[in-house]
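# Breakdown of the fold
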Amino acid sequence: MSAATTSNSPGKWVVLPHYAFAALAFVALSVLLLFSTDAFGGHYFHPKLLTLTHVAALGWATMLIFGALYQLLPVVLECRLYSEKLAVAAFAFLGVGSILLAWAFWNFELGWVLHVAACSLVIAFILFNINVAQTARKAPKWTVESDFIVTSAIWLLVTGLVGLLMAVNFTTPFLPVEHTHYLQLHAHIGMAGWFLLLIIGVGAKLIPMFLLAHHEDTKKLNWSYNLINAGLVLFIIDHLLFHTLLLPVYAALVVAGVALFLLYLREAAKTRQRQDIDLGMKQTFVALALLLLPLILVQVVSSRLALPQALLSSVYLVYGISVFLGFISALILGQTFKTLPFIVWMHAYEDYVGRFKTPLPKDIYSHALLRWQNISYLLGFILLVAGVLLGNEQVILAGAIGFTITSLLYTANVFHLLLHKAHDLKPFTYGNTKAA
Amino acid sequence: METQKLPEDFDLEVYEALKYIIDPEVGINIVDLGLVYEVSLTEEGVLAVDLTLTTPGCPMSGTILTATEQILLKRFPSLDVKVNLVWSPPWSTEMITEEGMRQLEAKS
């Protein structure tokens with residue numbers, strides 16, 4: 001009996017490069033942030049802000065989610081990943097697309113580079129969709145988590161296609177109304193359809209699992225799925241065709257869906273047997289708390305309030321920051337240290353377990369780096385949001401420094417894990433066992 | 001294949017050996033986590049272990065199964081070892097032993 005024949009886990013070369021790329025993208029994002037403090041004073045359709053948003057959404061968040069998902073999909077769907085080759089190809093297209101897109105936006109070069117980037121990304125999303133859908137088809141049972149994950153992949157593809165249309169429209173205008181109209185569509189499909197649904201689908205399975213909590217009633221998750229998708233579909237139809245004043249209603253549907261997910265987690269947490277909350281899980285709870293900020297702001301940005309233009313622009317920016325640099329980044333910063341040590345550990349020690357005394361996953365990364373990473377992140381985020389709201393470039397710069405420190409600490413810890421090798425293993429001597 | 005009843009001390013020895021295998025995520029051994037459902041020895045000298053995992057999709061399935069096999073082969077070299085992964089009844093936190101609960105509480 002060998003691990004390879006019984007485990008559903010994909011090979012490490014499918015998963016780990018995503019973590020490496022994402023960590024470097026996070027450093028790049030933070031450094032670009034240092035040079036973009038002047039961009040936060042105006043409209044969100046600013047080359048530097050477009051660059052930051054896409055580096056955060058694609059190179060950082062989507063890249064890491066792809067990698068983590070190839071490892072987690074077999075856990076959630078209880079079957080092997082359909083194709084490792086498709087996963088590697090999707091990684092290449094996503095990587096190339098993210099870099100070219102960042103270059104195109106930063107230099108505001110909206111010609112062929114942007115087109116190639118957009119095509120590359122859409123190909124990556126198509127490959128990802130095929131892999132997710134075919135894996136889901138093999139699943140022994142269909143669950144609400146499967147609904148969330150498969151639907152999120154479809155929304156990712158829709159987001160990419162809208163992005164591609166907008167990229168083409170820059171050089172060959174054919175869309176009937178102004179660009180920002182579609183940018184809102186593109187952004188909200190990406191945020192609610194891709195990130196939110198995916199995170200809820202995976203989180204609903206993993207967070208109770210990490211807490212050793214058993215909560216079988218998925219009624220709230222079913223409603224969460226229905227409400228978020230209903231809100232998103234109604235928003236798209238209205239935004240494209242009717243232009244009513246009902247946007248806050250659609251936003252409320254999404255917010256209600258998220259609230260049901262949070263209630264589900266709360267109920268699960270009540271049954272948890274595990275009382276020790278490690279730093280990774282603490283950061284995850286910080287992320288869930290930070291989720292409240294965009295949930296409040298989505299009501300503001302969809303209500304067309306008669307606020308002063310400068311304030312409105314700041315609120316839009318804080319809304320975007322609270323999604324990408326708030327909730328999603330905080331979640332990744334925490335969950336990386338719940339998933340990556342485990343993946344690295346499995347590949348390094350699976351042949352030694354039962355014969356040698358091995359360390360545990362929590363023993364192979366630096367807890368001190370992680371603690372300082374979490375502190376610098378929270379400080380950086382608070383300063384950045386405060387700086388944008390106050391319109392103060394110095395405070396924004398302080399926030400960007402916080403993010404840069406965070407990204408360096410994070411990347412050092414991630415590469416420390418990625419380069420980990422099993423060494424000095426001592427064979428078991430029976431009769432002196434102790435649980436860790 | 002007929003199953004013979006194990007002598008009590010042998011049974012304990014098997015469980016003690018399996019306590020060396022620590023669930024890497026939870027940090028407590030698989031016996032106290034309640035993953036080991038049954039241990040039996042057939043007349044032909046096959047030591048069979050039924051064990052489960054905390055979730056059917058657990059990526060640790062291969063590692064824990066291999067570890068169980070390896071550790072028992074080393075501890076009882078004269079026996080054949082057969083490890084069966086079972087899902088019924090599904091594992092729940094109620095299967096954690098008192099010692100397992102004590103260890104979980106000690107970590108908080």
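To start, this report covers the structure provided alongside it. Just so you know, these numbers come straight off a predicted model, no measurement behind them.

## Observations concerning the overall build of chain B
Of the regular secondary structure elements, chain B holds 3 helices and 4 strands. Listed N to C, the secondary structure of chain B is β-α-β-β-α-β-α in terms of helices and strands. Principal axes of the C-alpha set define a box for chain B whose edges measure 45 × 30 × 25 Å. Looking at chain B as a whole, 60% of its 108 residues are labelled buried. Summed over all atoms, the accessible surface of chain B reaches about 4800 Å², with 49% contributed by carbon and sulfur. Treating the 7 positive side-chain charges of chain B as one cloud and the 19 negative ones as another, the clouds have centres 6 Å apart.

## Let's talk about the pattern of salt bridges
All names here are of chain A. Taken as a whole, this structure holds 8 salt bridges over all chains when the rule is applied. We note a salt bridge from D38 to K48, for which the minimum N-O separation is 3.3 Å. Remark: K48 occurs in helix α3 (residues 47-77) and D38 occurs in the loop between α2 (12-34) and α3; sequence separation between them is 10 residues. Judged by relative accessible area, which is 43%, D38 ranks as partly exposed. The residue D363 makes a salt bridge to K362 at a minimum N-O spacing of 3.5 Å. Using a relative accessible area of 40% as the deciding quantity, one classes K362 as partly exposed.

## Looking at a nonpolar patch on the surface
Residue and element names in this part refer to chain A. Together, V233, I237, L240, L241 and F242 give the surface a local cluster of nonpolar side chains, amounting to about 470 Å² of exposed area. In this fold, F242 is placed in helix α8 (residues 219-242). What makes F242 exposed here is its relative accessible area of 55%.

## Considerations on the packing of α2(A) against α3(A)
What describes two packed helices is the angle between their axes and the distance between those same axes. All names here are of chain A. With their axes 8 Å apart at the nearest point, α2 and α3 run at an angle of 160° to one another. When the interaxial angle is binned, α2 and α3 end up roughly antiparallel. Crossing of α2 over α3 shows left-handed handedness. Tallied by class, the residues present in the contact of α2 with α3 amount to 19 nonpolar, 5 polar and no charged.

How each quantity is defined
- Residues numbered from 1 in each chain as written.
- Chains lettered and ligands numbered in written order.
- Predicted model: local features only at pLDDT ≥ 70, side-chain atom pairs only at ≥ 80, totals over all residues.
- Heavy atoms only, no water.
- Helix = DSSP H or I, 4+ residues; strand = E, 2+ residues; numbered from the N terminus.
- Buried < 20%, exposed > 50% of the residue type's maximum accessible area, 1.4 Å probe, protein only.
- Areas by Shrake-Rupley, 256 points an atom, 1.4 Å probe, with all protein chains shown as cover.
- Lys, Arg positive; Asp, Glu negative; His and termini not counted.
- Charge placed at Lys NZ, Arg CZ, Asp CG, Glu CD.
- Salt bridge = Lys/Arg side-chain N within 4 Å of Asp/Glu carboxyl O.
- Patch = residues over 30% accessible without salt bridge, like charges linked within 9 Å, V, L, I, M, F, W, Y side chains within 5 Å.
- Axes fitted to C-alpha atoms, helices over the stretch in contact; angles between N-to-C directions.
- Parallel < 35°, antiparallel > 145°, perpendicular 65-115°, else oblique.
- Left-handed = near helix turned anticlockwise from the far one by under 90°.
- Nonpolar A, V, L, I, M, F, W, Y, C, P; charged D, E, K, R; others polar.

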